[in-house]
Amino acid sequence: MTSSCAVLFVCLGNICRSPLAEAAFRQEAKKRGWDIKIDSAGLGGWHVGDPPDVRAIREAKKQNIDITHYRGRKVSTQDFTQFTHIVAMDNENLSRLRALSPQNSTAHIALLMDYVPNKAGQEIADPYYGNEKDFDRTWEQVHEGAIALADHLEKQS
Ligand code: 4NP
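For the structure given in this document, a descriptive report is provided here. (Residues numbered from 1 in each chain as written. Predicted model: local features only at pLDDT ≥ 70, side-chain atom pairs only at ≥ 80, totals over all residues. Heavy atoms only, no water.)

### Remarks on the site of the ligand
(1) Moving on: Taken together, Cys 11, Leu 12, Gly 13, Asn 14, Ile 15, Cys 16, Arg 17, Trp 46, His 47, Asp 126 and Tyr 128 make up the full set of residues adjacent to the ligand.
(2) Moving on: Within the backbone of Leu 12, one N or O atom sits 2.9 Å away from an oxygen atom of the ligand.
(3) Moving on: His 47 places a polar side-chain atom, nitrogen or oxygen, 2.9 Å from an oxygen atom of the ligand.
(4) Moving on: For the ligand, the accessible surface in isolation is 350 Å², of which the surrounding protein chains cover 91%.
(5) Moving on: Of the residues in the shell around the ligand, the class split is six nonpolar, three polar and two charged. (Near = heavy atom within 4 Å. Polar contact = N/O pair within 3.5 Å; in protein donor to acceptor, adjacent residues only side chain to side chain. Areas by Shrake-Rupley, 256 points an atom, 1.4 Å probe, with all protein chains shown as cover. Nonpolar A, V, L, I, M, F, W, Y, C, P; charged D, E, K, R; others polar.)

### A word on the packing of aromatic side chains
(1) Moving on: Per the counting criterion, the structure on display carries two aromatic pairs.
(2) Moving on: Taking 4.9 Å as the distance between ring centres and 80 degrees as the angle between the ring planes, the aromatic pair formed by Tyr 128 and Tyr 129 counts as edge-to-face.
(3) Moving on: Overall, the relative accessible area of 32% leaves Tyr 128 in the partly exposed class.
(4) Moving on: The ring of Phe 83 is capped by Lys 37, whose NZ or CZ atom sits 4.7 Å from the centre of that ring. (Phe/Tyr/Trp six-rings, centres within 6.5 Å; stacked < 30°, edge-to-face > 60°. Buried < 20%, exposed > 50% of the residue type's maximum accessible area, 1.4 Å probe, protein only. Lys NZ or Arg CZ within 6 Å of the ring centre and 35° of its normal.)

### Regarding helix 4 (residues 91-100)
(1) Moving on: If you check which residues of helix 4 are buried, you get Asn 93, Leu 94 and Leu 97. Across the axial projection of helix 4, the buried residues extend over an arc of 100 degrees, all falling on one side.
(2) Moving on: Tucked into the core, helix 4 has its buried residues touching strand 1 (6-11), helix 1 (17-31), helix 3 (79-82), strand 3 (85-88) and strand 4 (108-111).
(3) Moving on: Capping the start of helix 4, Asp 90 holds a side-chain oxygen 3.1 Å from the backbone nitrogen of Glu 92, two or three residues further along. (Helix = DSSP H or I, 4+ residues; strand = E, 2+ residues; numbered from the N terminus. Arc of directions from axis to C-beta. Contact = heavy atoms within 4.5 Å.)

### A look at the sheet that holds strand 3
(1) Moving on: Reading across the sheet, the four strands line up as 2-1-3-4 and stay open at both edges, with parallel pairing between neighbours. The open sheet has two edge strands, strand 2 (37-42) and strand 4, and neither has a second partner. Along the sheet, successive strands turn relative to each other by an average axial angle of 20 degrees, direction set aside.
(2) Moving on: In the packing of helix 1 onto the sheet, the strands contacted are strand 1 and strand 2, and the crossing angle to strand 2 comes to about 170 degrees. (Pairing = 2+ DSSP bridges. Axes fitted to C-alpha atoms, helices over the stretch in contact; angles between N-to-C directions.)

Here's what the structure looks like:
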(Lines give C-alpha, C1' and ligand atoms only; values in the text may rest on other atoms or scores of the structure.)
Protein backbone atom coordinates (compact mmCIF):
# COMPACT_ATOMS: atom_id res chain seq x y z
CA MET A 1 0.00 0.00 0.00
CA THR A 2 1.20 3.49 -0.79
CA SER A 3 0.64 4.48 2.85
CA SER A 4 3.39 2.05 3.93
CA CYS A 5 5.91 3.64 1.56
CA ALA A 6 8.68 5.90 2.81
CA VAL A 7 10.76 7.81 0.27
CA LEU A 8 14.24 9.32 0.65
CA PHE A 9 15.72 11.54 -2.07
CA VAL A 10 19.51 11.61 -2.24
CA CYS A 11 22.08 13.85 -3.95
CA LEU A 12 25.64 14.88 -3.16
CA GLY A 13 25.22 17.96 -0.99
CA ASN A 14 21.52 17.81 0.06
CA ILE A 15 21.17 21.53 -0.67
CA CYS A 16 20.17 21.70 -4.36
CA ARG A 17 18.64 18.69 -6.14
CA SER A 18 17.35 16.41 -3.37
CA PRO A 19 15.58 19.20 -1.41
CA LEU A 20 13.83 20.24 -4.65
CA ALA A 21 12.91 16.61 -5.36
CA GLU A 22 11.62 16.30 -1.78
CA ALA A 23 9.54 19.48 -2.23
CA ALA A 24 8.10 18.33 -5.58
CA PHE A 25 7.24 14.90 -4.18
CA ARG A 26 5.72 16.34 -0.97
CA GLN A 27 3.51 18.52 -3.17
CA GLU A 28 2.46 15.51 -5.26
CA ALA A 29 1.82 13.32 -2.18
CA LYS A 30 -0.31 16.08 -0.66
CA LYS A 31 -2.35 16.37 -3.88
CA ARG A 32 -3.02 12.62 -3.69
CA GLY A 33 -3.93 12.80 0.01
CA TRP A 34 -1.01 10.61 1.12
CA ASP A 35 0.45 10.84 4.60
CA ILE A 36 3.79 9.12 4.12
CA LYS A 37 7.36 9.61 5.32
CA ILE A 38 9.38 11.76 2.89
CA ASP A 39 12.90 13.12 3.42
CA SER A 40 16.13 13.98 1.62
CA ALA A 41 19.80 13.46 2.46
CA GLY A 42 23.27 13.91 1.01
CA LEU A 43 26.27 11.67 0.50
CA GLY A 44 28.72 14.42 1.45
CA GLY A 45 28.81 15.99 4.89
CA TRP A 46 29.63 19.61 3.96
CA HIS A 47 26.11 20.96 4.44
CA VAL A 48 24.87 19.04 7.46
CA GLY A 49 22.51 21.32 9.40
CA ASP A 50 22.40 23.92 6.63
CA PRO A 51 19.26 25.19 4.89
CA PRO A 52 19.06 24.54 1.13
CA ASP A 53 21.12 26.66 -1.29
CA VAL A 54 19.55 30.13 -1.71
CA ARG A 55 18.99 29.39 -5.40
CA ALA A 56 17.06 26.20 -4.54
CA ILE A 57 15.01 28.17 -1.98
CA ARG A 58 14.28 30.76 -4.69
CA GLU A 59 13.31 28.07 -7.21
CA ALA A 60 10.91 26.43 -4.73
CA LYS A 61 9.43 29.84 -3.92
CA LYS A 62 8.70 30.33 -7.63
CA GLN A 63 6.61 27.16 -7.34
CA ASN A 64 4.91 28.53 -4.19
CA ILE A 65 6.74 26.06 -1.94
CA ASP A 66 8.65 27.09 1.17
CA ILE A 67 11.72 24.93 1.83
CA THR A 68 13.56 27.36 4.14
CA HIS A 69 13.04 25.00 7.11
CA TYR A 70 14.71 22.01 5.39
CA ARG A 71 18.09 21.11 6.88
CA GLY A 72 20.93 19.13 5.32
CA ARG A 73 21.81 15.70 6.65
CA LYS A 74 23.95 12.77 5.56
CA VAL A 75 22.63 9.39 4.44
CA SER A 76 22.79 6.93 7.36
CA THR A 77 22.81 3.12 7.58
CA GLN A 78 19.35 3.18 9.19
CA ASP A 79 17.97 4.90 6.07
CA PHE A 80 18.28 1.59 4.21
CA THR A 81 15.75 -0.06 6.54
CA GLN A 82 13.61 2.97 7.40
CA PHE A 83 12.82 3.94 3.80
CA THR A 84 11.21 1.63 1.25
CA HIS A 85 12.52 3.71 -1.67
CA ILE A 86 15.84 5.55 -1.87
CA VAL A 87 15.96 7.75 -4.94
CA ALA A 88 19.28 8.98 -6.39
CA MET A 89 19.72 12.00 -8.64
CA ASP A 90 22.70 10.76 -10.67
CA ASN A 91 24.75 7.64 -11.32
CA GLU A 92 27.48 8.62 -8.89
CA ASN A 93 24.88 8.97 -6.11
CA LEU A 94 23.50 5.58 -7.15
CA SER A 95 26.80 3.73 -7.01
CA ARG A 96 27.75 5.34 -3.69
CA LEU A 97 24.36 4.37 -2.25
CA ARG A 98 24.84 0.78 -3.44
CA ALA A 99 28.28 0.71 -1.83
CA LEU A 100 26.88 2.04 1.48
CA SER A 101 23.90 -0.33 1.43
CA PRO A 102 24.06 -2.70 4.45
CA GLN A 103 23.29 -6.43 4.09
CA ASN A 104 19.95 -6.02 5.83
CA SER A 105 18.83 -3.22 3.49
CA THR A 106 15.17 -3.46 2.54
CA ALA A 107 15.11 -0.29 0.43
CA HIS A 108 14.62 -0.23 -3.30
CA ILE A 109 17.37 1.97 -4.74
CA ALA A 110 16.98 3.63 -8.15
CA LEU A 111 17.51 6.83 -10.12
CA LEU A 112 14.63 9.32 -9.99
CA MET A 113 14.39 9.36 -13.79
CA ASP A 114 14.11 5.54 -13.86
CA TYR A 115 10.46 6.08 -12.92
CA VAL A 116 9.79 8.29 -15.95
CA PRO A 117 8.70 6.33 -19.03
CA ASN A 118 11.43 6.42 -21.71
CA LYS A 119 13.85 8.30 -19.43
CA ALA A 120 15.32 5.39 -17.42
CA GLY A 121 19.01 5.90 -16.71
CA GLN A 122 18.90 9.68 -17.19
CA GLU A 123 20.52 11.88 -14.55
CA ILE A 124 19.46 15.10 -12.84
CA ALA A 125 22.48 17.32 -13.59
CA ASP A 126 24.08 19.06 -10.62
CA PRO A 127 23.09 22.77 -10.82
CA TYR A 128 25.52 23.81 -8.04
CA TYR A 129 27.91 25.53 -10.44
CA GLY A 130 25.08 26.71 -12.69
CA ASN A 131 22.67 29.64 -12.84
CA GLU A 132 18.94 30.28 -12.43
CA LYS A 133 18.18 28.55 -15.75
CA ASP A 134 19.90 25.42 -14.46
CA PHE A 135 17.75 25.49 -11.31
CA ASP A 136 14.63 25.93 -13.49
CA ARG A 137 15.72 22.84 -15.42
CA THR A 138 16.34 20.94 -12.17
CA TRP A 139 12.82 21.79 -11.01
CA GLU A 140 11.31 20.61 -14.33
CA GLN A 141 13.17 17.31 -14.04
CA VAL A 142 12.47 16.61 -10.37
CA HIS A 143 8.82 17.60 -10.83
CA GLU A 144 8.44 15.18 -13.74
CA GLY A 145 10.24 12.50 -11.71
CA ALA A 146 8.11 13.11 -8.61
CA ILE A 147 4.85 12.66 -10.54
CA ALA A 148 6.15 9.50 -12.23
CA LEU A 149 7.35 8.07 -8.90
CA ALA A 150 3.96 8.79 -7.32
CA ASP A 151 2.24 7.06 -10.27
CA HIS A 152 4.54 4.07 -9.81
CA LEU A 153 3.82 3.82 -6.07
CA GLU A 154 0.11 4.10 -6.72
CA LYS A 155 0.25 1.24 -9.26
CA GLN A 156 2.29 -0.86 -6.83
CA SER A 157 -0.35 -0.52 -4.11
P1 4NP B 1 23.44 18.93 -4.69
O2 4NP B 1 24.51 19.99 -5.21
O3 4NP B 1 24.15 17.60 -4.64
O4 4NP B 1 22.38 18.95 -5.74
O5 4NP B 1 22.95 19.40 -3.34
C6 4NP B 1 25.74 20.16 -4.54
C7 4NP B 1 25.80 21.01 -3.47
C8 4NP B 1 27.00 21.21 -2.81
C9 4NP B 1 28.12 20.54 -3.26
C10 4NP B 1 28.06 19.68 -4.33
C11 4NP B 1 26.85 19.49 -4.98
N12 4NP B 1 29.36 20.76 -2.61
O13 4NP B 1 30.39 20.25 -3.11
O14 4NP B 1 29.40 21.45 -1.57
